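# Close look at the chain arrangement
What follows is the residue order along each chain.
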Amino acid sequence: MKLPARATIYEVGPRDGLQNESRQVPTADKIRFIDALVAAGIKDIEITSFVSPKWIPQLADAAEVARGVQRPAGVRMSALVPNKRGLDTALASGMKEIAIFLSASETHSKKNINKTIAEALSTFDEIVPHALAAKVPVRAYVSTVFGCPYEGDVDPEATVRLTQQLREMGVYQVSLGDTIGVANPAQVEDVLTRVLARTPAEDIAVHFHDTQGTALANCLVSLQMGITTIDASAGGLGGCPYAPGAAGNLATEDVVAMLHSMNVQTGIDLDKLAEASRTASTFVGHELPSKYLKAHLGKQARARRRAELGSS
Ligand code: HMG
Ligand code: MG
């Protein structure tokens, strides 16, 4: 099987994960979660969102999180930014990288950012040059690439066009989002074939939610097509509050375990990652869906029971 020797995990748990939780996680716990992800060897982390707190109250403490995290050398931290106000606050809070986002379908665009796709593009035309002038790299997401919660099927050519437009603005990478987790491997191959005809694979990332259990299969197809940046969320936290029915992201543990077992290196320590997710689950107050995490915690519990029986 043709696979890369190495893949980059772009961790979105502190942002995509926590934006969708009903419990307000305290700022100090968010920072602990991010520190634990860094300790696990993750080098690319989306730590928060500088969006309107009226729209995403869960991340209203974005500036405090950005100021509170340690930033070890070699770790890149990014945050979502929807407009000039978000960019200004992100820069003032010490962010050195940002991510912009829009949708491939008009209805999700209106529901998510209260803008048409064209309005979103003109906002980015305004803010991306400011970010680049400040030497802040910009990543971009195209959401609803594989299906829209309001419109259903989405024209793959819309994604091809938007990806080109975003790259022409100077965005360094475009992440293709399966916002509601409906993509299948054949569809991923179709969309990537179209996009990669015009864009080098290193400029594209994939961002799968796992609503129907197809995220790992979609990820495998992407790797075989040359994609080496995979967005994932510790424990499988995640979802978009403006995409009804969307489940958590592809779990970081699940994809890292699969990659390592196929000799694709990530630089991530799986035990430490599982510990970061276990801690996050106590912050959000519920179990996380990652299959690897469940198996790992089960193994630890059995080992503890054996040790207790042995010492009694
Ligand atoms: P709006 O209501 O049209 O705009 O929101 P507004 O300018 O009237 O702003 C409303 C209020 O928010 C105002 O406050 C603004 O000042 C304030 P008020 O005057 O009423 O007191 N405001 C802000 N405050 C802080 N920071 C800001 C900011 N901007 C405005 N940056 C807006 C438009 C874009 C702001 C809003 O719709 C918004 O924030 N949307 C974000 C929604 C969101 O974060 N969704 C989830 C992320 S996308 C996702 O998860 C998908 C992804 O993971 C990929 C995938 O899975 O496909 C990326
Ligand atoms: Mg997402």
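Read on for an overview of the structure. Note that this is a predicted model, so its numbers are computed, not measured. (Residues numbered from 1 in each chain as written. Chains lettered and ligands numbered in written order. Predicted model: local features only at pLDDT ≥ 70, side-chain atom pairs only at ≥ 80, totals over all residues. Heavy atoms only, no water.)

### Looking at the site of ligand 1
Not every one of the 27 residues close to ligand 1 is listed here, only the nearest: Gln19, Lys54, Arg85, Asn114 and Thr179. Those elements that provide at least two residues to the shell around ligand 1 are helix H1 (13–17), helix H4 (84–92), helix H5 (106–113) and strand S5 (138–143). Of the residues that constitute the shell around ligand 1, the class distribution is 11 nonpolar, 11 polar and five charged. (Near = heavy atom within 4 Å. Helix = DSSP H or I, 4+ residues; strand = E, 2+ residues; numbered from the N terminus. Nonpolar A, V, L, I, M, F, W, Y, C, P; charged D, E, K, R; others polar.)

### Quick word on the sheet that holds strand S1 (residues 8–11)
Taken together, the eight strands give a closed barrel; going around it, the order is S1-S2-S3-S4-S5-S6-S7-S8, and neighbouring strands pair in parallel fashion. Strand after strand, the sheet turns through a mean of 25° between neighbouring axes, direction not considered. In the sheet, S1 pairs with strand S8 (residues 229–232) via four bridges, with the strands oriented parallel. Within S8, the position partnered with threonine 8 by the bridge is threonine 229. Relative to strand S7 (residues 204–208), helix H8 (residues 185–196) is tilted by about 155°, and along the sheet it contacts strand S6 (173–178) and S7. (Pairing = 2+ DSSP bridges. Axes fitted to C-alpha atoms, helices over the stretch in contact; angles between N-to-C directions. Contact = heavy atoms within 4.5 Å.)

### Remarks on the coordination of the magnesium ion (ligand 2)
In this structure, Asp16 (OD), His207 (NE2) and His209 (NE2) serve as the protein donors to the magnesium ion (ligand 2), at separations of 2.0 to 2.3 Å. Motif for the magnesium ion (ligand 2), donor spacing along one chain: D-x190-H-x1-H. Given a relative accessible area of 5%, histidine 207 falls into the buried group. Overall, histidine 209 belongs to the buried group, its relative accessible area being 2%. (Donors = N, O, S within 2.8 Å, 3.2 Å for Na, K, Ca; no water. Buried < 20%, exposed > 50% of the residue type's maximum accessible area, 1.4 Å probe, protein only.)

### Points about unusual backbone geometry
Only a minority of non-glycine residues have a phi that is not negative, and only a minority of peptide bonds are not trans. Backbone geometry places asparagine 114, a non-glycine residue, at a positive phi of 60°. Within the fold, asparagine 114 resides in the loop between H5 and helix H6 (117–133). One non-glycine residue, threonine 144, lies in the positive phi region at around 55°. Inspection of the secondary structure assignment puts threonine 144 in the loop between S5 and helix H7 (156–169).

### With respect to H5
Taken together, the buried positions of H5 are occupied by His108, Ser109, Asn112 and Ile113. All buried residues of H5 project into a common sector of 105° when viewed along the axis, lining one side. Elements in contact with the buried residues of H5: strand S4 (98–103), H6 and S5. Backbone geometry just after H5 places asparagine 114 at a positive phi near 60°. (Arc of directions from axis to C-beta.)

### Describing the pairing of strand S3 (residues 76–80)
Taking burial as the measure, the five residues of S3 include four buried ones, the bulk of the element. Two elements, strand S2 (residues 44–49) and S3, share five bridges in a ladder whose sense is parallel. Bridging from a neighbouring strand, glutamate 46 pairs with serine 78 of S3. On the question of chirality, the crossover connecting S2 to the parallel S3 by way of helix H3 (residues 62–68) is right-handed. Note that S3 and S4 share two bridges and pair parallel. Looking at the pairing, alanine 79 lines up with isoleucine 98 of S4. (Right-handed = clockwise from strand over helix to strand, strands pointing away.)

### Examining empty space enclosed by the protein
Enumeration according to the criterion identifies one cavity of 30 Å³ or more in this entry. Of the volumes computed, that of the largest cavity is approximately 40 Å³. The wall of the largest cavity is formed by Pro82, Phe101, Ile113, Lys115, Ala120, Thr123 and Phe124. Considering every element that reaches the lining of the largest cavity, the biggest residue donor is H6, with three residues. (1 Å grid on protein atoms, 1.4 Å probe; cavity = no way out; pocket = protein on both sides within 12 Å on 5 of 7 lines; lining within 4 Å. Points joined across faces, edges and corners; volume = space filled by probe spheres on them.)

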